[in-house]
Each structure stands twice: as C-alpha cells, then as structure tokens.
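Examination of the molecular architecture
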Amino acid sequence: MTMGHEVRYRVSGGRRLHGTVFIQGAKNAVLPMIGASLMAATGRTVLRNVPIIEDVRRAVELARAVGAKAELHEAERTLVIDASRLDSPVLPADIASRFRGSFLFVPALLHRLGEAVIEGVGGCNLGSRNLDFHYNGFKRLGATVTEQMDGGGNGIIHIKAGDMRGGTLYCDTPSHTGTENLIMAAALARGTTLIKNAALEPEVLDHIALLQAMGARISGGGTGFITVEGVDGLSAVEHTVMPDRIDAGVFVMAAAITGGELNLVGASLEHLGVAADKLEQMGVEFHQQGAVLQVRRERPLRPINVITDEYPGFATDLQSPIMAVSCLADGPSYIYERIFDGRFKLAGELRKMGADIEVNGNRAKVNGPRPLRGAEVQAHDLRCGSALVLAGLAAEGETTITSAYYLDRGHAHTAERLSQLGAEIVRETV
Ligand SMILES: CC(=O)N[C@H]1[C@@H](OP(=O)(O)OP(=O)(O)OC[C@H]2O[C@@H](n3ccc(=O)[nH]c3=O)[C@H](O)[C@@H]2O)O[C@H](CO)[C@@H](O)[C@@H]1O
Ligand SMILES: C=C(OP(=O)(O)O)C(=O)O
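Attention here is on the structure that accompanies the text. (Residues numbered from 1 in each chain as written. Chains lettered and ligands numbered in written order. Predicted model: local features only at pLDDT ≥ 70, side-chain atom pairs only at ≥ 80, totals over all residues. Heavy atoms only, no water.)

For helix α13 (residues 382-394), spanning 13 residues, the distance from its first C-alpha to its last is 19 Å, which sits close to the expected 18 Å at 1.5 Å a residue. Most of α13 sits inside the fold, with twelve of its 13 residues counted as buried. All of the buried residues along α13 are L382, R383, C384, G385, S386, A387, L388, V389, L390, A391, G392 and L393. Capping the start of α13 is the job of one residue whose side-chain oxygen sits 3.1 Å from the backbone nitrogen of R383: D381. (Helix = DSSP H or I, 4+ residues; strand = E, 2+ residues; numbered from the N terminus. Expected span 1.5 Å × (residues − 1). Buried < 20%, exposed > 50% of the residue type's maximum accessible area, 1.4 Å probe, protein only. Polar contact = N/O pair within 3.5 Å; in protein donor to acceptor, adjacent residues only side chain to side chain.)

Here it is in structure tokens:
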C-alpha cells in the first residue's frame, strides 16, 4: 500500500482543540462521480469540492489509464475530466488494487467500450468484501462475467456488455457501491430497471443528483426502490461534491476526545444519522447553525452502546473512531460491528496505548476509563488510522502512527487541519 515510501504521523497529545475547520468533500461521493464522468462521450465534467486524498489521486490515474484526460487542480479542489476518447477497457492492478472505488469504473467501460477487464480491486481489508451483487446485477442486464487466472495465480475478471437491457435487480443487503454501480449500468441500458433494496446513504443520493443532471432518468432515490429508465447518452456537467460525513464525524470526535470546542464548516447533523445521537449520549453538545455545526464536550465522557448499520444507522466507518473515544469513557462501552467481519484490528493497537478492550467475533467491550499513553502503532486500514490519530490527541506523550497511507486514502490535509485547531501533529514520509 505504501508504493515506495512509508507515511507516518507523529502526534503529541493533551491539547484541547479549538477553532474552525473545513469539512472536505466526500470520498464516497466523489469516487462514483469520477466513474460517472467516464460515461459522458462528449464534453468535460467539472467536479468541485473534491477532497485531495490518495483515493482521488488513484482514481485520476485510473481514468488516464483507460484513456480519459483528467486534471486535478488541487488548490481549487476541482477535477476536470474529458472522457470523449476512452481507449482501454483494462483497469490495471497496480492502480485498481489500491482502492475499492476502482470497481465504479466498470459501468462506463461496459457502455463505452463494450467490456471491462478488472485485474484487481482494492480498498481497505476489512474481512470478506464480496462483489456478487454487482456481478449478478450486470448479468441480469445482459452482461457476461468470466474469471481467468494470470501467470501469477491472480484472478482477472472479464465483463462483456452484450445487449444491455433493463431488468429487475436487487442487493441482498443495501450495498453502497453496489447500488451506485447498478444505477450507472442501468442508466444507459435499453428500457426500465428496478433496483430493490437500494442503499440510502447521502452519497448515493448525491451520485444520483449528478447522474440526473447528466440526463439520466432515475427515481426513488432514498426509498430503497430505485427505478432507472435507460437513455441514449449522458452529457458532461458541473457538480459540487457533498461534504464528507465521516470526516465530519472524526472532527466531532476530535472535540469529544480532547474536551474541545469546534466549528465544523459544511457538517450536517442529519448526515451523521444515529452517530449524532450516540455522541450526544457520550456528552457532546451540538448546535447546527446553518451549514456550520458547532460541537463541544465539557462533561466527562459517558460510555456507549454502538451497533453499526446502513444509513441512517451508525456508520461502520465511524465505528473505529468511536472505539478510540470510548477508551476514555466512564464505564464499559459495547460495540457490535454488523457490516464488516474484520474491522477490529484497531483494538490491538489501542491496547499498546493502554486501552482495555475485549474482542469476541464482531463484538467488542471497551473497559473505560483507561488513560492513554503514546506508543508506536499501525494503521491497518483507513478508519483504524483516523481512530489512532484521535487516540494520539488524547494520549500522554508521543504517538507514532505507521502505515498511514491508509489514513491519507480518505482524509485530506489531516496534519494541517488539526494543527490549526491547536493539535501537535506532523506527517512524515520515510
Ligand atoms: C468507496 C465506498 O463507497 N466505500 C464505502 C462502501 O463500501 P462498499 O460499497 O464496498 O460496501 P457495501 O455496502 O457494498 O458492503 C456492505 C456489506 O455488504 C457485503 N457485500 C457487498 C457487495 C456485494 O456484492 N456483496 C456483499 O456481500 C460486503 O461484504 C459488506 O459486508 O460502503 C461501506 C459501508 O457503508 C463503507 O464502509 C465504505 O467506506
Ligand atoms: C472502507 C472504506 O473505504 P473503501 O470502501 O474505499 O475501502 C472506508 O472509507 O473506511
């Protein structure tokens, strides 16, 4: 995951955070949007409020690998994509295996080039992460899916478009990227498609809004039943990416774990779903003032009971961060991870910092309060990384977080933004 250099963060804890922070654009909205932009056969798509994160850099590389012109203007947080000439259906492993969002390029390749070849799909290693809902949906629309082994024993997936016609599709559980991929595949198929048990996440709705602006005919977003009437083509448009609710949740928890007070520009209480209620129960006070969310924590942290679920349930991507906060809560906290079966590697790292956490399958009990002390710890995945930053902010002494490419996959300018709030944190490449 580190590609030549190792990224690490050093955090010195014990400072209360104060001030104003800008919430980045949403990773899980911009990635499907980059996939959608490849469906426009003419013109240039302009995406604004793009988070400057490693996953976006990889997506830009991947868009270029299939023939698109893609320019990321980092200072302007704007991505311009001209997909008028795509010339390769291959998603090369050296780029695609580094982020999950690479699979969101498949519908565009099917419609524009008639096939997609996937040499590797990446993303955080969170246990089993199947793609059967995607494959089954593509097949129901008329595609064929085959797997071959390359010389090194790695599977290469070939998807051929065939005559793509609308049909009835479903997700066994409301998959986030599954819903986005099936909507895109149906948008340019002939006739009407119904997707049952579709995901309700705000990023899925933002993605639908972009596709509608491009000319797609989609209804039912946010209901669990999505209907797509196929159209002949989609046009390039300009769209502003919604704020990242997971980035917002992490900054709420930065205020919570340090006993600070922050103004989060662009954060929405509604988008936090049940996470907002759980954080309130822990002692966080919220004041939504238009598009600015004010948060502070003055009272001692109370323990919490968390069950992860699809939106508007408690987001699995905030489960690791709240595990870090609950280490300092006044009593035992209980966490039940229902979405992924391998998302507790964090517990071992927090133990190195003095935490007392018992893990049993997908359930964890965090015995708080335990003072945290600085240690050398490893980010095993993106949210493990953000949780360790939070723990470092509250720990006595210095915490070094290694394998921090994972953190950079999903959070922009972490050290700069936290430093502006009074934290002592540096990012290093070694
Ligand atoms: C790029 C992106 O948007 N990533 C997000 C997306 O991941 P992603 O879209 O991969 O997550 P899904 O919603 O698809 O996965 C949820 C669960 O469904 C299972 N499943 C999914 C698809 C499938 O075909 N078969 C299957 O069994 C997965 O193994 C997992 O247990 O949603 C997750 C859950 O909110 C978030 O943690 C990720 O940050
Ligand atoms: C699991 C995550 O991302 P991805 O699906 O891109 O691996 C995440 O954002 O925590």
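That shown, we press on.
A separate point is empty space enclosed by the protein. The probe, sized like a water molecule, is rolled over the atoms to show the empty space still left. For the structure on display, the rule yields four cavities of 30 Å³ or more. Taken as a whole, the largest cavity spans an internal volume of roughly 90 Å³. Those elements that place two or more of their residues in the lining of the largest cavity are α8 (245-258), α13 and α15 (414-420). Counting residues per element, the lining of the largest cavity draws most heavily on α8, which supplies four residues. Residues belonging to the lining of the largest cavity are distributed by class as follows: seven nonpolar, three polar and two charged. Every residue lining the second largest cavity is listed: D132, F133, N136, G137, R140, L169, Y170 and D172. Secondary-structure elements contributing two or more residues to the lining of the second largest cavity are α5 (132-140) and β10 (168-170). Here the element with the most residues in the lining of the second largest cavity is α5; it accounts for five residues. Class assignment of the residues belonging to the lining of the second largest cavity gives a composition of three nonpolar, two polar and three charged. (1 Å grid on protein atoms, 1.4 Å probe; cavity = no way out; pocket = protein on both sides within 12 Å on 5 of 7 lines; lining within 4 Å. Points joined across faces, edges and corners; volume = space filled by probe spheres on them. Nonpolar A, V, L, I, M, F, W, Y, C, P; charged D, E, K, R; others polar.)

This part takes up the sheet that holds strand β24 (residues 424-429). A sheet is described by the order of its strands in space; here four strands give the open sequence β22-β23-β1-β24, paired in mixed fashion. Among the strands making up the open sheet, the edge pair consists of β22 (376-378) and β24. Each strand axis lies, on average, 20 degrees off the axis of its neighbour in the sheet, ignoring direction. In this sheet, strand β23 (residues 398-402) lies alongside β22 in parallel orientation, the contact comprising three bridges. When the bridges of β23 are listed, Q378 appears paired with T402. Along the sheet, α13 makes contact with β1 (7-12), β22, β23 and β24, crossing β1 at roughly 25 degrees. (Pairing = 2+ DSSP bridges. Axes fitted to C-alpha atoms, helices over the stretch in contact; angles between N-to-C directions. Contact = heavy atoms within 4.5 Å.)

This brings us to the packing of aromatic side chains. Inspection of the entire model under this criterion finds two aromatic pairs. With 5.6 Å between their ring centres and 85 degrees between their planes, F103 and Y135 make a pair best called edge-to-face. One end of the pair, F103, is in the loop between α3 (93-96) and α4 (106-113); the other, Y135, is in helix α5, and 32 residues separate them in sequence. Per residue, the accessibility class of F103 equals that of Y135, and both read buried. Judged by centre distance (6.4 Å) and plane angle (35 degrees), the rings of F103 and F138 are tilted. Here F103, found in the loop between α3 and α4, pairs with F138, found in helix α5; they are 35 residues apart in sequence, far enough to count as distant. Grouping aromatic residues by their ring pairs yields a cluster made of F103, Y135 and F138. Positioned over the ring face of Y336 is R363, at 3.9 Å from the centre of the ring. (Phe/Tyr/Trp six-rings, centres within 6.5 Å; stacked < 30°, edge-to-face > 60°. Lys NZ or Arg CZ within 6 Å of the ring centre and 35° of its normal.)

In the vicinity of ligand 1 lie 19 residues, with D132, S175, T177, D317 and I339 positioned nearest. In this structure, a nitrogen atom belonging to ligand 1 sits 2.7 Å away from a side-chain N or O atom of D132. Protein contact buries 89% of the 730 Å² of open area that ligand 1 shows by itself. Its atoms largely coinciding with the cavity grid, ligand 1 occupies the largest pocket. Within the residue set of the shell around ligand 1, elements represented by two or more residues are α1 (27-37), α5 and α6 (176-187). The leading source of residues in the shell around ligand 1 is α5, at three residues. Here the shell around ligand 1 spans two domains, since at least three of its residues come from each of domain 1 (7-24 + 243-429) and domain 2 (27-240). (Near = heavy atom within 4 Å. Areas by Shrake-Rupley, 256 points an atom, 1.4 Å probe, with all protein chains shown as cover. Sits in = over half its atoms within 2 Å of the grid points. Domains from an automatic or database assignment.)

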